[in-house]
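Topology and contacts: notes
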Amino acid sequence: MADTREAIVQASHLPMSIIIVGVGNADFSDMQMLDGDDGILRSPKGEPVLRDIVQFVPFRSFKHVSACEAVLDLERPASAFKFGMGFKPAVRSDPELI
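Residues numbered from 1 in each chain as written. Predicted model: local features only at pLDDT ≥ 70, side-chain atom pairs only at ≥ 80, totals over all residues. Heavy atoms only, no water.

**Regarding the packing of aromatic side chains**
This structure, assessed with the given rule, holds 1 aromatic pair. Seen in terms of ring centroids, Phe28 and Phe56 are 5.4 Å apart; in terms of plane orientation they differ by 50°. Their pairing is tilted. Of this pair, Phe28 sits in the loop between β1 (18-22) and α2 (29-35) while Phe56 sits in strand β2 (residues 54-58); the two residues are 28 residues apart in sequence, bridging distant segments of the chain. For the pair Phe28 and Phe56, a shared accessibility class is recorded, and that class is buried. (Phe/Tyr/Trp six-rings, centres within 6.5 Å; stacked < 30°, edge-to-face > 60°. Helix = DSSP H or I, 4+ residues; strand = E, 2+ residues; numbered from the N terminus. Buried < 20%, exposed > 50% of the residue type's maximum accessible area, 1.4 Å probe, protein only.)

Spelled out as structure tokens, the structure:
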């Protein structure tokens, strides 16, 4: 688990997201910890993630989540990365494209 936490902290500097789907009725408390929803995930050395890139979903719960909610969970980390890197949204000048 220590190597996984270290890899996630390092990956939080990259334009990527990690989705973990838990299948079955196992204890997924370690996966929920990696998700970072209950606090800031840190490497074994104490370095915090730059941004939350991990989404954990128990499959048994996912069947009750709409596709829109699932996409929004993926968009939030991507938007956070873009904002953190200083990307600005493109401005469309053609009104037909808006």
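**Some thoughts on the side chain of Asp35**
Within the secondary structure, Asp35 sits in helix α2. Those residues in contact with Asp35 that lie beyond four places of it in its chain are Asp52, Val54, Gln55 and Phe56. (Contact = heavy atoms within 4.5 Å.)

**Some words on the nonpolar core**
Counting residues in hydrophobic clusters, the biggest one holds 11 residues: Ile8, Val9, Ala11, Ile20, Phe28, Leu34, Leu41, Val49, Ile53, Val54 and Phe56. The contact partners of Ile20, leaving out residues within four places of it in the chain, are Met31, Leu34, Val54, Gln55, Phe56 and Val57. (Core = buried A, V, L, I, M, F, W, Y, C linked by side-chain atoms within 4.5 Å.)

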